[in-house]
Amino acid sequence: MRIKILLISSISVFLSCSNSDENPATNSNPIPPNEAMYFPPITGNTWETKTPESLGWNTANISALDTYLTEKNTKSFIVLHNGKIVLEKYYNGHTATTPWYWASAGKTLTSTVTGIAAQEGFININNKVSDYIGTGWTSAPLAKENQITCKNLLSMNSGLNDALGDTVTPNNLQYVADAGTRWAYHNVYVKLQDVVATATNQTWDNYFNNKLRNPIGMTGAWVTDPTALSVYWSNSRSMARFGLLALANGNWNGTQIINTNYLNAATTISQPINLAYGYLWWLNGKSSFHLPQSQLQFNGSIIATAPADMYCALGKNDQKIYVVPSRKLVIIRMGEAADSSNLALSNFDEVLWQKINAVVN
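Residues numbered from 1 in each chain as written. Predicted model: local features only at pLDDT ≥ 70, side-chain atom pairs only at ≥ 80, totals over all residues. Heavy atoms only, no water.

A. Unusual backbone geometry, seen in detail. With a phi angle near 70 degrees, Asp-318 is a residue other than glycine that sits in the positive phi range. Tracing the backbone shows Asp-318 in the loop between strand S12 (311–315) and strand S13 (319–324). For Asp-318, a relative accessible area of 0% corresponds to the buried category. The backbone of Lys-328 sits at a positive phi, close to 55 degrees, despite the residue not being glycine. (Helix = DSSP H or I, 4+ residues; strand = E, 2+ residues; numbered from the N terminus. Buried < 20%, exposed > 50% of the residue type's maximum accessible area, 1.4 Å probe, protein only.)

B. Inspection of the nonpolar core at higher detail. Ranked by size, the top nonpolar core spans 107 residues in total, and within it Trp-102 and Leu-212 carry the most contacts. Of the residues forming this core, the biggest block, 7 residues, is contributed by helix H8 (residues 236–247). Excluding anything up to four places from it in sequence, Leu-212 contacts Leu-109, Thr-112, Val-113, Ile-116, Tyr-207, Phe-242, Leu-245 and Ile-257. (Core = buried A, V, L, I, M, F, W, Y, C linked by side-chain atoms within 4.5 Å. Contact = heavy atoms within 4.5 Å.)

C. Up close: the pattern of salt bridges. This structure, assessed with the given rule, holds 12 salt bridges. Its salt-bridge partner being Asp-131, residue Lys-128 comes within 3.0 Å of it at the nearest N-O pair. Overall, the relative accessible area of 30% leaves Lys-128 in the partly exposed class. By relative accessible area, Asp-131 is classed as partly exposed at 43%. The residue Asp-194 makes a salt bridge to Lys-191 at a minimum N-O spacing of 3.1 Å. With Asp-194 and Lys-191 both in helix H6 (residues 191–200), this residue pair falls 3 residues apart, about one helical turn. Lys-191 gets classed as buried once you look at its relative accessible area, which sits at 13%. (Salt bridge = Lys/Arg side-chain N within 4 Å of Asp/Glu carboxyl O.)

D. Fine view of the environment of Ala-338. Within the fold, Ala-338 resides in the loop between strand S14 (329–335) and helix H10 (347–360). Along the chain, Ala-338 and Gln-319 lie 19 residues apart, while their C-alpha atoms are 9.7 Å from each other. Beyond its immediate stretch of four places on either side in the chain, Ala-338 contacts Lys-72, Asn-73, Asp-318, Arg-333 and Phe-348.

E. Representation of the side chain of Ser-130 within the structure. As for its placement among the helices and strands, Ser-130 is situated in helix H3 (residues 130–133). Overall, Ser-130 belongs to the buried group, its relative accessible area being 8%. Setting aside anything within four residues of it in sequence, one finds Ser-130 in contact with Thr-135, Trp-137, Glu-145 and Asn-146.

F. Inspection of the pairing of strand S6 (residues 230–234) at higher detail. Of all 5 residues in S6, 5 are buried; the element is thus mostly enclosed. One ladder, built from 2 bridges, connects strand S4 (residues 100–101) with S6; its direction is antiparallel. Within the sheet, the bridge partner assigned to Trp-100 lies in S6 and is Ser-234. Relative to S6, strand S5 (residues 221–224) runs antiparallel, the two sharing 4 bridges. Bridging across to S6, Ala-221 finds its partner in Trp-233. (Pairing = 2+ DSSP bridges.)

G. Examining the packing of helix H2 (residues 107–119) against helix H7 (residues 204–213) more closely. Packing of H2 against H7 leaves a shortest axis separation of 10 Å and a crossing angle of 80 degrees. Relative to H7, the element H2 lies roughly perpendicular. Where H2 abuts H7, its residues Leu-109, Thr-110, Thr-112, Val-113, Ile-116 and Ala-117 lie against Trp-204, Tyr-207, Phe-208, Lys-211 and Leu-212. Looking at the contact of H2 with H7 residue by residue, the classes come out as 8 nonpolar, 2 polar and 1 charged. (Axes fitted to C-alpha atoms, helices over the stretch in contact; angles between N-to-C directions. Parallel < 35°, antiparallel > 145°, perpendicular 65-115°, else oblique. Nonpolar A, V, L, I, M, F, W, Y, C, P; charged D, E, K, R; others polar.)

H. Representation of the sheet that holds S5 within the structure. Read from one edge of the open sheet, 3 strands run S4-S6-S5, paired in antiparallel fashion. Each edge of the sheet is formed by a strand with only one pairing partner; in this case those strands are S4 and S5.

I. Structural context of helix H1 (residues 62–71). Of the residues making up H1, those classed as buried are Leu-65, Asp-66, Tyr-68 and Leu-69. Burial along H1 is one-sided: seen end-on, the buried residues are contained in an arc of 165 degrees. Residue Asn-73 follows H1 closely and has a positive phi angle near 65 degrees. (Arc of directions from axis to C-beta.)

Written as structure tokens, this is what we have:
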């Protein structure tokens, strides 16, 4: 999908492995391996840190990672270990408070809030989409439209044509194959926001804010782009908070925000066609994968240099949330496209993970 983004300017440089004037972080002593997961306060700017040295990381290789990020049009880069900040840097005029777009990395926000609506009994993801928003939301024959479930939208196997542009008006949502028989990366997932809004009798923004954004201390807002899609904008630490929620199995400091069973389903294989895709999350370490705008199957892992248990939120022009449970890591990258414009995955992921591995291994 070629999501067109409304860009805003960014300001001044913010650097941290140390503390920031704008977003102060509190240095912590080296922590034993069995430390409890840390959660930053819901309000305020305090976020505890730990040093790379305390983790036994190869600090001599941090400068090469930093240089690569600088060269590749990065705006922000954050590494959390068990919730605490280990590395944090802002580039190219970006700051700790500057909002930036998540692009398709924000699909995972929609996935999570859909799960929350399901756990509250408002929706059933196995029900057809038209149960919630009525018929005629596509141009498909009614019988084919009624095959499409909320789970199909989560899994990207609605069977609708992915080659008709970015908008999700009925004339752009045309039948190609029966739901469940074809995987295609498609903007139609955004109809889940309409499903949630209708089922809860709230606006999408209000439900999202009350059930996900505010309880974990995120900031940011949904912005309508030129194709009428809703794109999330926030500062980088808000993206890190969401990644931390995922790492913590949906629990924020003792409060279960999203059901663990749903989150586990969201971050495992959702259908048999693209093994590297869950519920709007990308999955590493699988035997094969498909890419956006392609029906080809590629063998191997989506990011061969990254840990096999990693799952990711990936957005246009290299917006990244990497979650690595085995290493207790959350890694955030926001910025312009590292090389050329892309929809989700790019060669940048492979090389970036080579640089990260040189530090953390």
